Amino acid sequence: MRWNLVNCRRVNISVLPCLLVIIICCNRPPERFSFGRPATQREIDSVNISITPDGKGLPPGVGHVAEGKALFIAKCAPCHGPTGTEVPQYRLVATPNDTTHAKAIGNYWPYATTLYDYIRRAMPFNAPGSLSNVEVYHLTAFLLYSNQLIDSNRVISARTLPNIVMPARKWYVNDDRHGGNEVR
Amino acid sequence: MKQDQIKRRTLLRAAAVTALGSLVPGLSARQMPEAAPEDPTKVPGTPVGRLGTRSPFEQPQKKASDISARSPLQDFYGIITPSDLHFERSHNGVPRIDPQKYELLIHGMVERPMVFTLKDLKRFPALSRIAFIECSGNFRSGKTTMTPQEICGLTSQSEWTGVMLSTLFREVGVSPKATWFLAEGSDAAVMTRSIPVRKGWEDAMIAYAQNGEAIRPEQGYPARLFLPGWEGNTNVKWIRRIELSDQPFMTREETSKYTETIKDGKIRQFSFDMDARSIITYPSYPQTVEKGWIEIRGLAWSGRGKITSVEVSTDAGKHWHVATLQEPVLDKAHTAFRYGWYWDGQNTEIMSRAVDDTGYTQPTLQQLVNARGTDMGGYHLNPVTAWIIQRDGTVLFKPEKFR
């Protein structure tokens, strides 16, 4: 759009302000092009799976640790190991007093809602998007329990999940690099 | 059930192989180039064809792992990465998307939620820009026998063409109260990142073309988000949805990944800008050199602006000399540099450091450790990279330990 402005300025210098006004009116890019079509609420709802840390977007349903464990063994253990600790690069469960500081949900993830969002989006790796909303709640409950963040009888839902305080949350800071003559 | 037992690594490898599918048919032919005739002026040449080819004597290739493939930086001339050698990183393979069915939905805190087809996107004013994209996890070390490709091959540069996101923001009427937007891909990971709205107004683009042709599947066909100078992961490929919001979504890729531990146990998040960096690509491992004049060549870039200078040391960092920058020197772009050096045949170390127009100087690994601590994470590491030149002309990478 810059070329339009450049053209206009050139005309301006060449003494014809009235003509300039006309040219600008005809040549300026419109505020809107009216390309594309309006999205219906229905189609937005059909693809909108985002979840915010305050729980907005979490679907109805309730998850239980026991059901989650069974699902985990069946669908997640092939990659993550039976307890989520066996495969270092896909480690999910933080063990207490772990001196290797291996990053896992319990010691690195700042929000519990992310767990639900990510499992629903991307897991299981060989069948993404195949879990029901309730199955995702079950798995979320099991993984929170395995990381010692909830008791075995705690149920996970849209109401309870956002209230779980993740231990790593307090360590997160925003980027403090600004360029310039300093290394951060 | 059988599928469930497949090891994830195998799956990843399978995905990588699929992603590289376009390369595979050419491989066998390339491995055995037909012998060139003794005198090419005495035999008719190959007839004209529909597609150009690489000389069978040239075999640049990406180096693929399970999850990414690195650009052969040492094989490049100038600043444009050939599209089939652009680095790749995907989170569950490269999706196959029908351009006729492609749609981009923009909704959330907007006046008019809209859907744009690929054809719609191409009707808007088109802009082209040459800039790099670099993965923020782009530093490998640990042994002397490493090439530039292996050390930092997750950076590449293209001419990207598309519609400015600001144009689409005006089209949908983004609320002045919106501060973040979610960018979502239509890959099997439905990968998402939260991006500050200001970047959308500033210089973000929905790119549908790369180096003069439709964007390659590995780079996001038919359309991707392009955020000049920002870490590669935020440049969401195969983009299908943008949701305007007043808070970040805290997705997995901006919390448990793409964040880095720094000092005092802190974890740094939303580290978008790629800091200035450079690397000498010639001479580098496994090349060899001869005593005499050597043109040291390399690439420098900064996600914050233009490269203002590159300095080269040929005596292990004791003295630094200003290298010549090859025009064009573009904003947030790979910039080629060179420095003429007479090598006396003695053991030495050569290295380069870039300075950008914010005044930032590429740090040493030690400076990064000093700033971030020994527990520093693997993202956003841009240290000065040294090559050891040995008396016999062999060139080795100089790995430095920091953990």
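Going by what an unreviewed UniProt entry lists, chain B is known as Sulfane dehydrogenase subunit SoxC and is assigned to Chitinophaga jiangningensis. In the Cofactor (unreviewed entry) part of its UniProt record, chain B is described as follows: "Mo-molybdopterin".

As annotated in an unreviewed UniProt entry, chain A carries the name Cytochrome c and comes from Chitinophaga jiangningensis.

(A) Examining the overall build of chain B more closely. Summing up its helical and strand segments, chain B has seven helices and 24 strands in all. Among the 403 residues that make up chain B, the fraction classed as buried is 58%. Summarising the internal contacts of chain B: among those between residues at least 6 apart in sequence, 71% fall at separations of at least 24. Of the roughly 17200 Å² of accessible surface on chain B, a fraction of 52% belongs to carbon and sulfur atoms.

(B) Quick look at the overall build of chain A. Of the regular secondary structure elements, chain A holds seven helices and four strands. For chain A, the succession of helices and strands along the chain, N to C, is α-α-β-α-β-α-α-α-α-β-β. Expressed as a percentage of the 184 residues in chain A, the buried residues total 42%. Within chain A, contacts between residues at least 6 apart in sequence are counted, and of these 55% link residues at least 24 apart. As displayed, chain A offers around 10100 Å² of accessible surface, 57% of which is attributable to carbon and sulfur atoms.

(C) Examining the packing of helix α6 (residues 113-122) of chain A against helix α7 (residues 133-146) of chain A more closely. Residue and element names in this part refer to chain A. One can describe the packing of α6 onto α7 by two numbers: an axis separation of 9 Å at closest approach and a directional angle of 130°. Accordingly, the angle class assigned to the pair α6 and α7 is oblique. Between α6 and α7 the crossing geometry is right-handed. When α6 is examined against α7, the residues Leu-115, Tyr-116, Ile-119 and Arg-120 are found in contact with a partner set consisting of Asn-133, Val-136, Tyr-137, Leu-139, Thr-140, Leu-143 and Leu-144. Considering only residue class, the contact of α6 with α7 consists of eight nonpolar, two polar and one charged.

(D) How the structure looks around the interface of chain A and chain B. Between chain A and chain B, the residue contacts involve 54 residues of the former and 69 residues of the latter. Contact between chain A and chain B buries roughly 5600 Å² in total, counting both sides, with carbon and sulfur atoms accounting for 55%. Counting the surface chain A buries against chain B, the share from its top three residues, Phe35(A), Phe125(A) and Arg177(A), is 14%. Scanning the region where chain A abuts chain B turns up five salt bridges. Residue Arg121(A) pairs with Glu184(B) through a salt bridge whose shortest N-O separation is 2.9 Å.

(E) Highlighting the sheet that holds strand β3 (residues 88-89) of chain B. All names here are of chain B. Ordered in space as β1-β2-β3, the three strands form an open sheet in which the pairing is antiparallel. Of all strands in the sheet, those bounded by a partner on one side alone are β1 (63-64) and β3. Judged from the two bridges that link them, strand β2 (residues 68-70) and β3 form a sheet pairing that is antiparallel. Following the sheet pairing, Ser-68 is matched in β3 by Arg-89.

(F) Just the packing of aromatic side chains, in detail. As enumerated under the stated definition, the model contains 17 aromatic pairs over all chains in all. Both rings, one in Tyr108(A) and one in Tyr172(A), keep their centres 6.0 Å apart while their planes meet at 65°; by these two values the pair is edge-to-face. Of this pair, Tyr108(A) sits in helix α5 (residues 105-108) while Tyr172(A) sits in strand β4 (residues 172-174), and the two are 64 residues apart along the sequence. On the basis of relative accessible area, Tyr108(A) is assigned to the buried category, the value being 4%. Each residue in the set Phe33(A), Phe35(A), Phe116(B) and Phe124(B) is aromatic and connected to the rest through ring pairs, giving one cluster. Stacked on the ring of Trp320(B), the Lys or Arg Arg353(B) has its end atom at 3.9 Å from the ring centre.

(G) Representation of the sheet that holds strand β16 (residues 277-282) of chain B. All names here are of chain B. One open sheet accounts for four strands, arranged β16-β17-β21-β20; its pairing is antiparallel. Among the strands making up the open sheet, the edge pair consists of β16 and β20 (324-325). In this sheet, strand β17 (residues 292-301) lies alongside β16 in antiparallel orientation, the contact comprising five bridges. Along β17, the bridge assignment pairs Ile-280 with Gly-298.

(H) Just the pairing of strand β18 (residues 307-313) of chain B, in detail. All names here are of chain B. In terms of residue burial, β18 counts as a mostly covered element, since six of its seven residues are buried. Taken together, the six bridges between β18 and strand β22 (residues 348-356) define a ladder with antiparallel strand orientation. Paired with Val-310 across the two strands is Ala-354, which belongs to β22. Where β18 lies against strand β19 (residues 321-322), two bridges are found, and the strand directions are antiparallel. By the bridge assignment, Val-312 is partnered in β19 with His-321.

(I) Spatial organisation of α6(A). Extensive coverage of α6(A) is indicated by the burial of 10 of its 10 residues. Within α6(A), burial applies to Thr113(A), Thr114(A), Leu115(A), Tyr116(A), Asp117(A), Tyr118(A), Ile119(A), Arg120(A), Arg121(A) and Ala122(A). Of the surrounding elements, those touching the buried residues of α6(A) are α5 and α7 of chain A together with β8 (180-185), β9 (192-196) and β13 (239-245) of chain B.

(J) Summary view of unusual backbone geometry. Residues and elements named next belong to chain B. Along the chain, Tyr-221 connects to Pro-222 via a cis peptide bond; the corresponding omega equals 5°. Looking at where Pro-222 falls in the secondary structure, it is placed in the loop between β11 (213-214) and β12 (224-226). Here the residue pair Tyr-282 and Pro-283 is connected by a cis peptide bond, since its omega of -5° sits within 30 degrees of zero. With respect to the element layout, Pro-283 can be found in the loop between β16 and β17. A positive phi is found at Tyr-258, a non-glycine position, where the angle reads about 55°.

(K) Summary view of empty space enclosed by the protein. All names here are of chain B. According to the stated counting rule, one finds six cavities of 30 Å³ or more in the structure shown. The volume enclosed by the largest cavity comes to roughly 210 Å³. Lining the largest cavity are 19 residues, with Arg-89, Arg-224, Gly-232, Asn-233 and Lys-237 positioned closest to its centre. Classifying every residue of the lining of the largest cavity by side-chain character gives seven nonpolar, eight polar and four charged.

(L) Highlighting the side chain of Thr52(A). With respect to the helices and strands, the residue Thr52(A) is situated in the loop between α3 (41-47) and β2 (62-63). On the accessibility criterion, Thr52(A) (2% relative accessible area) is buried. A distance of 2.5 Å separates a polar atom in the side chain of Thr52(A) from a polar atom in the side chain of Asp54(A). In contact with Thr52(A), not counting residues within four places along its chain, are Thr113(A), Gln247(B) and Phe249(B).

Quick notes on the rules
Residues numbered from 1 in each chain as written. Chains lettered and ligands numbered in written order. Predicted model: local features only at pLDDT ≥ 70, side-chain atom pairs only at ≥ 80, totals over all residues. Heavy atoms only, no water. UniProt positions renumbered as here; feature names shortened; annotations may be inferred. Helix = DSSP H or I, 4+ residues; strand = E, 2+ residues; numbered from the N terminus. Buried < 20%, exposed > 50% of the residue type's maximum accessible area, 1.4 Å probe, protein only. Contact = heavy atoms within 4.5 Å. Areas by Shrake-Rupley, 256 points an atom, 1.4 Å probe, with all protein chains shown as cover. Axes fitted to C-alpha atoms, helices over the stretch in contact; angles between N-to-C directions. Parallel < 35°, antiparallel > 145°, perpendicular 65-115°, else oblique. Left-handed = near helix turned anticlockwise from the far one by under 90°. Nonpolar A, V, L, I, M, F, W, Y, C, P; charged D, E, K, R; others polar. Buried area = accessible area lost by both parts, 1.4 Å probe. Salt bridge = Lys/Arg side-chain N within 4 Å of Asp/Glu carboxyl O. Pairing = 2+ DSSP bridges. Phe/Tyr/Trp six-rings, centres within 6.5 Å; stacked < 30°, edge-to-face > 60°. Lys NZ or Arg CZ within 6 Å of the ring centre and 35° of its normal. 1 Å grid on protein atoms, 1.4 Å probe; cavity = no way out; pocket = protein on both sides within 12 Å on 5 of 7 lines; lining within 4 Å. Points joined across faces, edges and corners; volume = space filled by probe spheres on them. Polar contact = N/O pair within 3.5 Å; in protein donor to acceptor, adjacent residues only side chain to side chain.

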